[in-house]
Number of protein chains: 8
Amino acid sequence: MTEQNIREILTRVRKGSLSIDKGLEKLKHLPFEDVGFARIDHHRAIRQGFPEVVFGRGKTVHQIRAIVERMLAHEQNILITRSSAEVFRAVRKLERQAQFYPDSGAILIHRDKTQHGKGKILIACAGTADIPVAEEALVTADAMGNTVENLYDVGVAGIHRILSERARLAEARVIVVVAGMEGALPSVVGGLVSVPVIAVPTSIGYGASLNGIAALLGMLNSCSSNVTVVNIDNGFGAGYVASLINRL
Amino acid sequence: MTEQNIREILTRVRKGSLSIDKGLEKLKHLPFEDVGFARIDHHRAIRQGFPEVVFGRGKTVHQIRAIVERMLAHEQNILITRSSAEVFRAVRKLERQAQFYPDSGAILIHRDKTQHGKGKILIACAGTADIPVAEEALVTADAMGNTVENLYDVGVAGIHRILSERARLAEARVIVVVAGMEGALPSVVGGLVSVPVIAVPTSIGYGASLNGIAALLGMLNSCSSNVTVVNIDNGFGAGYVASLINRL
Amino acid sequence: MTEQNIREILTRVRKGSLSIDKGLEKLKHLPFEDVGFARIDHHRAIRQGFPEVVFGRGKTVHQIRAIVERMLAHEQNILITRSSAEVFRAVRKLERQAQFYPDSGAILIHRDKTQHGKGKILIACAGTADIPVAEEALVTADAMGNTVENLYDVGVAGIHRILSERARLAEARVIVVVAGMEGALPSVVGGLVSVPVIAVPTSIGYGASLNGIAALLGMLNSCSSNVTVVNIDNGFGAGYVASLINRL
Amino acid sequence: MTEQNIREILTRVRKGSLSIDKGLEKLKHLPFEDVGFARIDHHRAIRQGFPEVVFGRGKTVHQIRAIVERMLAHEQNILITRSSAEVFRAVRKLERQAQFYPDSGAILIHRDKTQHGKGKILIACAGTADIPVAEEALVTADAMGNTVENLYDVGVAGIHRILSERARLAEARVIVVVAGMEGALPSVVGGLVSVPVIAVPTSIGYGASLNGIAALLGMLNSCSSNVTVVNIDNGFGAGYVASLINRL
Amino acid sequence: MTEQNIREILTRVRKGSLSIDKGLEKLKHLPFEDVGFARIDHHRAIRQGFPEVVFGRGKTVHQIRAIVERMLAHEQNILITRSSAEVFRAVRKLERQAQFYPDSGAILIHRDKTQHGKGKILIACAGTADIPVAEEALVTADAMGNTVENLYDVGVAGIHRILSERARLAEARVIVVVAGMEGALPSVVGGLVSVPVIAVPTSIGYGASLNGIAALLGMLNSCSSNVTVVNIDNGFGAGYVASLINRL
Amino acid sequence: MTEQNIREILTRVRKGSLSIDKGLEKLKHLPFEDVGFARIDHHRAIRQGFPEVVFGRGKTVHQIRAIVERMLAHEQNILITRSSAEVFRAVRKLERQAQFYPDSGAILIHRDKTQHGKGKILIACAGTADIPVAEEALVTADAMGNTVENLYDVGVAGIHRILSERARLAEARVIVVVAGMEGALPSVVGGLVSVPVIAVPTSIGYGASLNGIAALLGMLNSCSSNVTVVNIDNGFGAGYVASLINRL
Amino acid sequence: MTEQNIREILTRVRKGSLSIDKGLEKLKHLPFEDVGFARIDHHRAIRQGFPEVVFGRGKTVHQIRAIVERMLAHEQNILITRSSAEVFRAVRKLERQAQFYPDSGAILIHRDKTQHGKGKILIACAGTADIPVAEEALVTADAMGNTVENLYDVGVAGIHRILSERARLAEARVIVVVAGMEGALPSVVGGLVSVPVIAVPTSIGYGASLNGIAALLGMLNSCSSNVTVVNIDNGFGAGYVASLINRL
Amino acid sequence: MTEQNIREILTRVRKGSLSIDKGLEKLKHLPFEDVGFARIDHHRAIRQGFPEVVFGRGKTVHQIRAIVERMLAHEQNILITRSSAEVFRAVRKLERQAQFYPDSGAILIHRDKTQHGKGKILIACAGTADIPVAEEALVTADAMGNTVENLYDVGVAGIHRILSERARLAEARVIVVVAGMEGALPSVVGGLVSVPVIAVPTSIGYGASLNGIAALLGMLNSCSSNVTVVNIDNGFGAGYVASLINRL
């Protein structure tokens, strides 16, 4: 139920064309109308530059194509995560300006380039094998209207690599740190800055890495107080929250 | 917001003492009124004979005493779970007819003895060590207005024990089965009856019982299709759901 | 051993054509007769409209074909779970009216449409990816003679989606709630109704979802007292128990 | 090594009272000086209103007393976490205005009440048993110069409780959500707002809650994209990050 | 129902003092009689020298006293596991010849010293800290009428310790091997003999021993094919099975 | 070092052709000679009818062929586990009488049919999906010279199935019980007999079965004292230990 | 920043061509120079005969080829781990003397055969299935300039196998022990020698081996004090540390 | 059997006072004599300055006192781990020069101060809470004749703390790194040096630290190749291995 619907009910009640009891009956179900309000929020969100997102994983080319087709009717950016070259070819037929990020499998239709972020988001990752997840965070932040920079392969085993980039760390308003194996990089980065750090464990590693559980536990136990954590390999979530913070 | 509130708004809108915009403003927030509806549901629940429940674990004698004091203003039954003899002494000063079940630590003030259940609930347990949890289920079902019977110490290592009670199993409308260690009893009971079986794993055991995880996993993997499971040691939950089913 | 067998032994003992010792010898083995009694129960079950069920997973087309062929001799419904289009083609040659549910891989030969359920079973699921498991629950409840409705894609991240369906929730006699990832939907639904809720965790998710363990644990710890849980992805079990409850 | 030290070396080199080689020797070890810089950062941090923090857990009354005594020489706020009434009595002798928060065991010496936050931080928790952790987050955010509000006992089993507070949720710039058991509240809150949500699992629960692991996994798998997670019971960390975000 | 009961029914049927229908009624419930048969088995078991066993863990002195009092009416051995000096004092007042084994907390009333075992049972343990569990196995085997020997502190880190006892290993008909930490001893012993080895993991260790899980997993993965495993710290079970094997 | 070697050294020492010091030197290394003794044990074992075993898993057709070729030089039975039809074809070219068991992938060359077992080994399994593991146990026991019987599909959800076979259970000298899912069958069987029961968990199941961990934990926590456990799917180990017991 | 840079700054300060404040500014960033020092360390490392390492897992043939091409410009050894025959063919075109180790998938270009190790490194493994991991350790130690010996298939189930090689164990300066399943070999070897033992668990096994976790836990709980552990299947790491120790 | 025993046998054989067959019989059992040889090794070890070690955990004052009394007969150092002030008082009555380390509960009787180490061992720890474990490593290395230095509270959240000590890191021949929580320090230290690093996870932390499992997993997944790991809280083991390495 939209505002318009409520207004109509009230108008009809005032006019007497709707009895108070009948109006009561309709309005009593307003909790259902919550849906309507949420939809309005949703629309508002869109106006603010939030992209439409399609989680590509497990969806067929056909399904993604159909969803994107309907999304194209609006003006916002469209982000498809964990997709493939095959999906990209299908999407590109719908919209020429679609771009493919092969490491992460992300596809971005970047139509609205309004900047919503107030500062810079930095995406750091520990090893080259973590780049796909870092890239997913980067594309997400990009799609949400942020200035984003990346800092790849700065793992703690060569601590000078991250230390030499302290200037860039210091410039960021929020930092996403992606790491697999022992997942130690967020603690080090967290200790070097005083802005929020969003840690993303990756499933990179073998044996006792337990598909990213080791990195996840490490990050949750970070001795740096400015670190929060998202799910293993969840580059999208990290980029999303970083964007929300950067809008504040 | 109650029905009464909505009616007043509509009346004032019709009368013109409230503008349509002001009325809209008030009604737009109706999702908040959901609370009110829920409260009404709550009241209705009470009228149907649901007990007021105090989860005693971690609450002080003083806290429980204060809560019970306010509950006594109503007429429904009052159930305090995982309590102690000390709490019981305090509660009994408030209400003479309070009863204490020392195995489970439950206290029941059984004021309304209306039967809400349509049939009999049977509470079975595998070993004597499981009795505290079984008793919690039993007292809960009792407080909710059911005929309840118990069948204790009928574990599968002496399979004749449960088989010799098939007649009683056959009479039950819903069965709660409590077991620790390997948690096999619900599967056997489930195979003997065609009514719903609610399985309660207990933390009884040592070593590879992992504080009830072994029994929990066993029950979740039951090859009897009529078995559902609640949390380890959750006798209250099992008695509660059994009561809901027995009211149908 | 059937009643008839016992009667014959007793008759022969009375007549003297069987000595007391010989009769004793035969009767001492009566526990074996339990089998007979169970078989009778089984037959009774069939007469009550329980379907014959074939768990399709891991069985060859040939095996399923052979089993279904024998089942077709009886009149009850036949349900094949976790099957494939290939199996369906083979089954359909045996029986024209077989129907295939591609999301869940279920095949239903619905010959006996007697209604056994007293009310309506509602099957809700959190996301579109949970639909295969929800569908398995739905087909099972259908095969067991119930009026079933579904409510898909009502996950808690958009809470208005489930709230807007409170009317339908309120009409159900028992509700199956299917959810992966954090598995929070059963708690919310459980709080909105006062009927039994059967929660089904799904293996949907990645990383810390641990193939459904996260959702399973969430459901076992539900703060709604009317929730019980079945195994991960066990739509069949949930539909089965819901049907048993709906028959009461 | 502080700036002052470097300046002195340079001055002595210019004056010639220190040879270039000797100066080189001293400065070559400047990485050590990083410590000094960090201290300066630290001082800067203090000027920005960051409190001095003592993690009280496992420290004796004597140890905490000694640490606080030295901290009192500066002007910043002092926060002691997971402490006790006994520690409080000792601290209060040192500083009259120390305040004790018995639920969380926090002690706050709130000397500098400058507001550093730009908006309001909201701390929500699911059940009364989660209040100690929520309070720790609240005191932390308070100590760091924020306007903080709390919203306790709004768990998802009574979904109207959180829905009725949507207005307050909408006013917050960042939200901390504390929950044990199934840990579902952050997902629901996350779906209702478009600001960052920091989820804190608590060790509240029993059996399959696995001391908070169930809640932690649930939060990591949240289907709301604006949720990040900190360690189990880490109210301090959540309050800290919320404060950092609120300063942006 | 005992044989005697069945005989009486048959006699009354033959005599005509019981109608065939009434007899049928009584006998139809014979599955219940299974209990009786089991009891007879039980009695037979006792005659074979199986001890009566009281699992002492979690039982009060009063409870154990009451149970033992009734057991003393029979002639078999009585074994109380995981008990205490306090229980022992109470038991000893009932029966002078009770013996206490303080390491394991076992109490044995050894009245029937008939040898049932055909050979020798050897109980080996890796470290001195494993002795309590080894002793429980030893007392159990003793109570069941076996010649038992022990071989303590022969862990694999000093491999000569077990090698120097090969002659004794070679003489055993079945071997119980008790070990905590890495649990490697059963594999080594298993490789040295060609008789069954029953491995008992203990909860001895710390950190990654996970309260005996490490030892348990090690034993389950033993590369010696003659090793089977019982629960962590289950000396009783190991002694029991060893006794069964030694009777064959 | 064989007996013959030691004899030669001693002879040479007596003759004086070897000095005492030199002899000492040679004999001091006798622990190395242990190998020789072990080899002799090995030979003795072979004479007793132990088969040569090839663990087929992960070995190429070529490798298995080469190993079997050398084994055929001796007279003992040859057992290849977890193999394939392809391997079977290769082996059969080497030895006509090789037999293939397709469920378990076992190949047996059964040349020596001497009976070493004193009684009967019974192999029971809970469901048809457990048959491959049960068959591996059966073939192993067969290869080691035992009379073996099987009892398939007697899971506890239809308890009459196992109860109706009590006579056969009673005849066995040792019983292997194979079960997946909740793994409850060994407890029930263990309660029905007084001989050793070797429980084999299988990886059959899904979701919370955790690839057999649920069944494994259930069996380790069995409330029947005569149950010991081997690794998940380790039919070979169970058949091997059962054979050792049956030889006693 | 190199020494040379610092010297220049100091010289310019002395000369007055750089003000003290400007010099201060430049030197304040010296922590960045840490990078430079680290690079120098890196170069030094190369001069000492450390090989360049390419972790082949997950890299394409093309990527490895490109990396190796650049590495060939220097004179050190080049080690590629977890590679394939296909990669080998590509690498061999670049450098004729490349050698392939098919069990481990390692490729070694062994140009500098200088011995850096002071003694002998022994690589032992428990079963033939552990050889790939052992070989990775061996090739690594070889590439780092060590005398390496191997001792394969000496698992503890046939304890004489390792005992017969005590002489070779005694000659080693450091020992790598590789084992899957129960992972007991390092404890036995550790007890036989007084040099450091590096234990490598492997993922060999099934069921309760949990992909190497069982072996890993066993090794971490070793009762031999001279044992340290690396990640599951991490032959490279073990060979690397052994080489470092052997250089001391 | 000692060398002396073998010599006597050989002498008697040569003399003819022992027949070759009898001598053979005695010598065939020589593997048992391995014990004797090992004991001799043990004595040799002592002469090399290895301390006698008493693992204090779980031992009574009386037991430790008795053990130490016998140890004092020899001249080597005596180390008692995880002990208490009460034990110390008892030990000190036996030997005046005993020293107590209250953080770790270690007691050292340091009689032989011979240096066996060739270089310096550095013991670093991340936080003050890790000091007890670090101290245990330090006392162990001290007792084994090493020059040991400590570097406490240098965790990665303040990376400058460890960087400022690079000179001391560079001087060490082997480094022990102790850390709880995320366990990241060994990776950072490992990247700064080219000597072996022994990582010790501690049980410091809460929630997702899982009593040290998080730190343990982090260390096992270290991206620094020179890191090996010991059990959680195993300071003794780390100090022991570091000492072995430092003797090389």
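Each residue is numbered by its place in its chain's sequence as written, counting from 1. Numbering of ligands from 1 and lettering of chains from A proceed in the order in which they are written. Local features in this predicted model are restricted to residues of pLDDT 70 or higher, and side-chain atom pairs are both shown and tallied only at a pLDDT of 80 or more, whereas totals for entire chains, interfaces and linings draw on every residue. With hydrogens and water set aside, each side-chain value is computed from the structure's full complement of heavy atoms.

Visitor: Could you clarify how one ought to interpret the overall build of chain A in this entry?
Guide: Secondary structure follows DSSP: runs of H or I at least 4 residues long count as helices, runs of E at least 2 residues long count as strands, and numbering of each begins at the N terminus. Each helix and strand in chain A was counted, giving eleven helices and nine strands. Each residue's exposure class comes from its accessible area (1.4 Å probe, protein chains only) as a fraction of the maximum for that residue type: buried when under 20%, exposed when over 50%, partly exposed otherwise. Looking at chain A as a whole, 61% of its 248 residues qualify as buried. Contacts are residue-level and defined by heavy atoms, with any inter-residue pair within 4.5 Å sufficient. Sequence-distant contacts in chain A: of pairs separated by 6 or more residues, those separated by 24 or more amount to 65%. As displayed, chain A has an accessible area near 9,100 Å², and 50% of this comes from carbon and sulfur atoms. Here the accessible surface of atoms and residues is derived via Shrake-Rupley with a 1.4 Å probe, and residues count as covered only by protein chains that are part of the display.

Visitor: Help me understand the relation of the copies chain C and chain B, please; the structure alone is not making it clear to me.
Guide: The two chain copies are connected by a rotation around an axis plus a translation along it. C-alpha atoms of residues with pLDDT of at least 70 in both copies form the basis for the least-squares superposition of the copies. Mapping chain C onto chain B calls for a rotation angle of 179° and an axial translation of 0.0 Å; the resulting RMSD is 0.1 Å. Both copies are brought into coincidence by an operation consistent with a two-fold rotation axis. Relative to the rotation axis, the C-alpha of Val229 of chain C is the closest in chain C, positioned 2.5 Å from it. A share of 96% of the interface residues of chain C reappears at the interface of chain B, consistent with the copies meeting face to face through the same patch.

Visitor: Help me understand the environment of Val230 of chain D in this model?
Guide: Among the structural elements, Val230 of chain D can be located in the loop between strand E9 (227–229) and helix H11 (235–247). Residue class for Val230 of chain D comes out buried when judged on its relative accessible area of 2%. A C-alpha to C-alpha distance of 6.5 Å links Val230 of chain D and Ala199 of chain D, two positions 31 residues apart in sequence. Ignoring sequence-local partners within four residues, the contact set of Val230 of chain D consists of Leu220, Val227 and Thr228 of chain A together with Ile198, Ala199, Val200, Pro201, Leu216 and Ala238 of chain D.

Visitor: Would you mind showing me how to read the interface of chain C and chain B here?
Guide: Taken together, the 27 residues of chain C in the interface contact 26 residues of chain B. A simple way to read buried area is as the amount of 1.4 Å-probe accessible surface that goes missing from two parts once joined, with both sides added. By the criterion of area lost to chain B, the three top residues of chain C are Leu220, Ser225 and Leu248 of chain C, representing 24% of everything that side buries. One speaks of a salt bridge when a side-chain nitrogen belonging to Lys or Arg is within 4 Å of a carboxyl oxygen belonging to Asp or Glu. Counting across the chain C and chain B interface gives zero salt bridges. Pairing of N or O atoms within 3.5 Å defines a polar contact, subject to two protein rules: one partner must be a possible hydrogen donor and the other a possible acceptor, and residues neighboring in sequence count only if both atoms are side-chain atoms. Our count for the chain C to chain B interface comes out at four residue pairs in polar contact (both at pLDDT 80 or more). Secondary structure elements with two or more residues in the side of chain C that touches chain B: helix H3 (30–47), helix H10 (213–220), strand E9 (227–229) and helix H11 (235–247) of chain C. It is H11 of chain C that contributes the most residues to the side of chain C that touches chain B, six residues altogether.

Visitor: What is the right way to read the relation of the copies chain G and chain A from this model?
Guide: Note on the identical chains: chain G maps onto chain A by a rotation of 89° and an axial translation of 0.2 Å, with an RMSD of 0.8 Å. The transformation relating the two chain copies, once decomposed into turn and shift, fits a four-fold axis. If distances are taken from each C-alpha of chain G to the rotation axis, the shortest is found for Leu210 of chain G, at 7.4 Å.

Visitor: So what exactly am I meant to see when it comes to the pairing of strand E6 (residues 147–151) of chain H here?
Guide: Along any regular strand, the residues point their side chains to alternate faces of the sheet. Paired strands are those between which DSSP finds at least two bridges. As paired strands, strand E5 (residues 120–125) of chain H and E6 of chain H are joined by five bridges and run parallel to one another. When the bridges of E6 of chain H are listed, Leu122 of chain H appears paired with Glu149 of chain H.

Visitor: Please explain the state of the cysteines as it appears in this structure.
Guide: Covalent bonding between the sulfur atoms of two cysteines is what defines a disulfide. A pair of sulfur atoms, both from cysteines and within 2.5 Å, is called a disulfide here. Following the criterion strictly, the structure yields zero disulfides over all chains and no others. Free of any disulfide, Cys223 of chain F has its nearest cysteine sulfur in Cys125 of chain B, 12 Å distant. Residue Cys223 of chain F is classed as partly exposed on the basis of its relative accessible area, which comes to 31%.

Visitor: Would you mind going over the sheet that holds strand E3 (residues 99–101) of chain A with me for this structure?
Guide: Across a sheet, paired strands are connected by hydrogen bonds in the backbone, their directions being either parallel or antiparallel. Residues and elements named next belong to chain A. What the four strands build is an open sheet, ordered E1-E2-E4-E3; its pairing is mixed. The sheet is open, and its two borders are formed by strand E1 (52–55) and E3, each paired with just one other strand. Shown here is a sheet whose adjacent strand axes are inclined to one another by a mean of 15°, direction ignored. One ladder, built from three bridges, connects E3 with strand E4 (residues 106–109); its direction is antiparallel. Bridging from a neighbouring strand, Gln99 pairs with Leu108 of E4. In this fold helix H6 (residues 131–143) packs onto strand E2 (78–81), E3 and E4, with an angle of close to 15° to the strand it touches most, E4. Interaxial angles span 0 to 180 degrees and are taken between N-to-C directions of axes, which are lines fitted to C-alpha atoms, for helices over the stretch in contact.

Visitor: Would you take a moment to explain the interface of chain G and chain A for this structure?
Guide: Accessible area lost on assembly of the parts is the figure often given for the size of an interface. Listed by partner, the interface residues are twelve residues for chain G and ten residues for chain A. With both chains or domains summed, chain G and chain A bury close to 950 Å², and 66% of this area falls on carbon and sulfur atoms. Across the chain G-chain A interface, the total number found is four residue pairs in polar contact (both at pLDDT 80 or more). A per-element tally of the side of chain G that touches chain A places helix H3 (residues 33–47) of chain G first, with three residues. Here the side of chain G that touches chain A is built from residues that sort into six nonpolar, two polar and four charged. Three classes are used, and their members are as follows: Ala, Val, Leu, Ile, Met, Phe, Trp, Tyr, Cys and Pro are nonpolar, Asp, Glu, Lys and Arg are charged, and the others, Gly among them, are polar.

Visitor: Which parts of the structure should I look at to understand the sheet that holds strand E3 (residues 99–101) of chain C?
Guide: Residues and elements named next belong to chain C. With respect to topology, four strands assemble into an open sheet ordered E1-E2-E4-E3, the strand pairing being mixed. Both edges of this open sheet fall to strand E1 (52–55) and E3, since each of them pairs with a single strand only. Between one strand axis and the next, the sheet turns through 15° on average, direction left out of account. Along the sheet, helix H5 (residues 85–94) makes contact with strand E2 (78–81), E3 and strand E4 (106–109), crossing E4 at roughly 15°. Of the strands in this sheet, E2, E3 and E4 are in contact with helix H6 (residues 131–143), which crosses E4 at around 15°.

Visitor: I'm lost on the packing of aromatic side chains in this one. Help?
Guide: In this description, an aromatic ring pair is defined by two values, namely the gap between the centres and the angle between the planes. Under the pairing criterion, centres of Phe, Tyr and Trp rings, with the six-membered ring standing for Trp, must be within 6.5 Å; the plane angle then separates stacked pairs below 30 degrees from edge-to-face pairs above 60, leaving the rest tilted. Overall, the coordinates contain 32 aromatic pairs over all chains when judged by the stated rule. Each ring, one from Phe88 of chain C and one from Phe100 of chain C, has its centre 5.2 Å from the other, and the planes form 15°; the classification is stacked. Here Phe100 of chain C lies in strand E3 and Phe88 of chain C lies in helix H5, a separation of twelve residues in the sequence. When the centroid spacing of 5.7 Å and the interplanar angle of 45° are considered together, the rings of Phe236 of chain G and Tyr240 of chain G count as tilted. Taken together, the residues span about one helical turn, with Phe236 of chain G and Tyr240 of chain G both in helix H11 (residues 235–247) at a distance of four residues. Across this residue pair, the class does not change: Phe236 of chain G and Tyr240 of chain G are buried.

Visitor: Where do I start with the pattern of salt bridges in this structure?
Guide: Where side chains of opposite charge bring their charged atoms close, a pairing between them can arise. In this structure the tally under the stated criterion is 56 salt bridges over all chains. Ionic pairing is found between Arg65 of chain E and Glu69 of chain E, a salt bridge with its closest N-O pair at 3.6 Å. In this pair, Arg65 of chain E and Glu69 of chain E are both assigned in helix H4 (residues 61–71), four residues apart and thus about one turn of the helix distant. For Glu69 of chain E, a relative accessible area of 43% corresponds to the partly exposed category. A salt bridge links Lys120 of chain G to Glu149 of chain G, with the shortest nitrogen-to-oxygen separation between them at 3.1 Å. Within this pair, whereas Lys120 of chain G is found in strand E5 (residues 120–125), its partner Glu149 of chain G is found in strand E6 (residues 147–151), the two being separated by 29 residues in sequence.

Visitor: Explain the environment of Ala106 of chain F here, please?
Guide: Residue and element names in this part refer to chain F. Mapped onto the secondary structure, Ala106 falls in strand E4 (residues 106–109). For the pair Ala106 and Phe88, spaced 18 residues apart in the sequence, the C-alpha separation amounts to 8.8 Å. Not counting residues up to four positions away in its chain, the partners in contact with Ala106 are Leu79, Ile80, Gln99, Phe100, Tyr101 and Val139.

Visitor: What exactly am I supposed to notice about the environment of Val200 of chain A here?
Guide: Residues and elements named next belong to chain A. Along the chain, Val200 falls in strand E8 (residues 197–201). Linking Val200 and Asp130, residues 70 residues apart in sequence, is a C-alpha distance of 9.7 Å. When near neighbours in sequence (up to four residues on either side) are disregarded, Val200 contacts Val133, Val176, Val177, Val178, Ala179, Met219, Val230, Asn231, Asp233, Asn234, Gly235 and Ala238.

Visitor: What am I meant to see in unusual backbone geometry here?
Guide: One non-glycine residue with positive phi stands out, namely Asp233 of chain A, at about 65°. Position of Asp233 of chain A relative to the elements: it lies in the loop between strand E9 (227–229) and helix H11 (235–247). A positive phi is found at Asn211 of chain H, a non-glycine position, where the angle reads about 60°. Considering the arrangement of structural elements, one finds Asn211 of chain H in the loop between strand E8 (197–201) and helix H10 (213–220).

Visitor: Would you mind going over the packing of helix H4 (residues 61–71) of chain D against helix H5 (residues 85–94) of chain D with me for this structure?
Guide: Helix-helix packing: each pair is described by the crossing angle between the helix axes and the interaxial distance. Residues and elements named next belong to chain D. Their axes nearest at 10 Å, the elements H4 and H5 cross at an angle of 30°. As summarised for this structure, H4 and H5 are arranged roughly parallel, according to the angle between their axes. As for the relative orientation of H4 and H5, their crossing is right-handed in sense. Within the contact between the two elements, H4 uses Val61, Ile64, Arg65, Val68 and Glu69 and H5 uses Glu86, Val87, Ala90, Val91 and Leu94. Roughly parallel means an angle under 35 degrees; roughly antiparallel, over 145; roughly perpendicular, 65 to 115; everything else is oblique. For any helix crossing, the convention is left-handed if the near helix is rotated counterclockwise from the far helix by under a right angle, and right-handed if that rotation is clockwise.

Visitor: Would you mind showing me how to read the confidence of the model for chain A here?
Guide: Where the model shows low pLDDT, its predicted coordinates should not be examined in detail. All names here are of chain A. Confidence scores here are pLDDT values: one per residue, from the predictor, ranging 0 to 100. When pLDDT is averaged along chain A, the result is 87, and 88% of the positions lie at 70 or above. Confidence drops under pLDDT 50 across residues 29–47; counting only partners more than four residues distant or on other chains, this segment forms 29 contacts. Model confidence for the complex: the whole-complex pTM is 0.88, and ipTM, which rates the interface, is 0.83.

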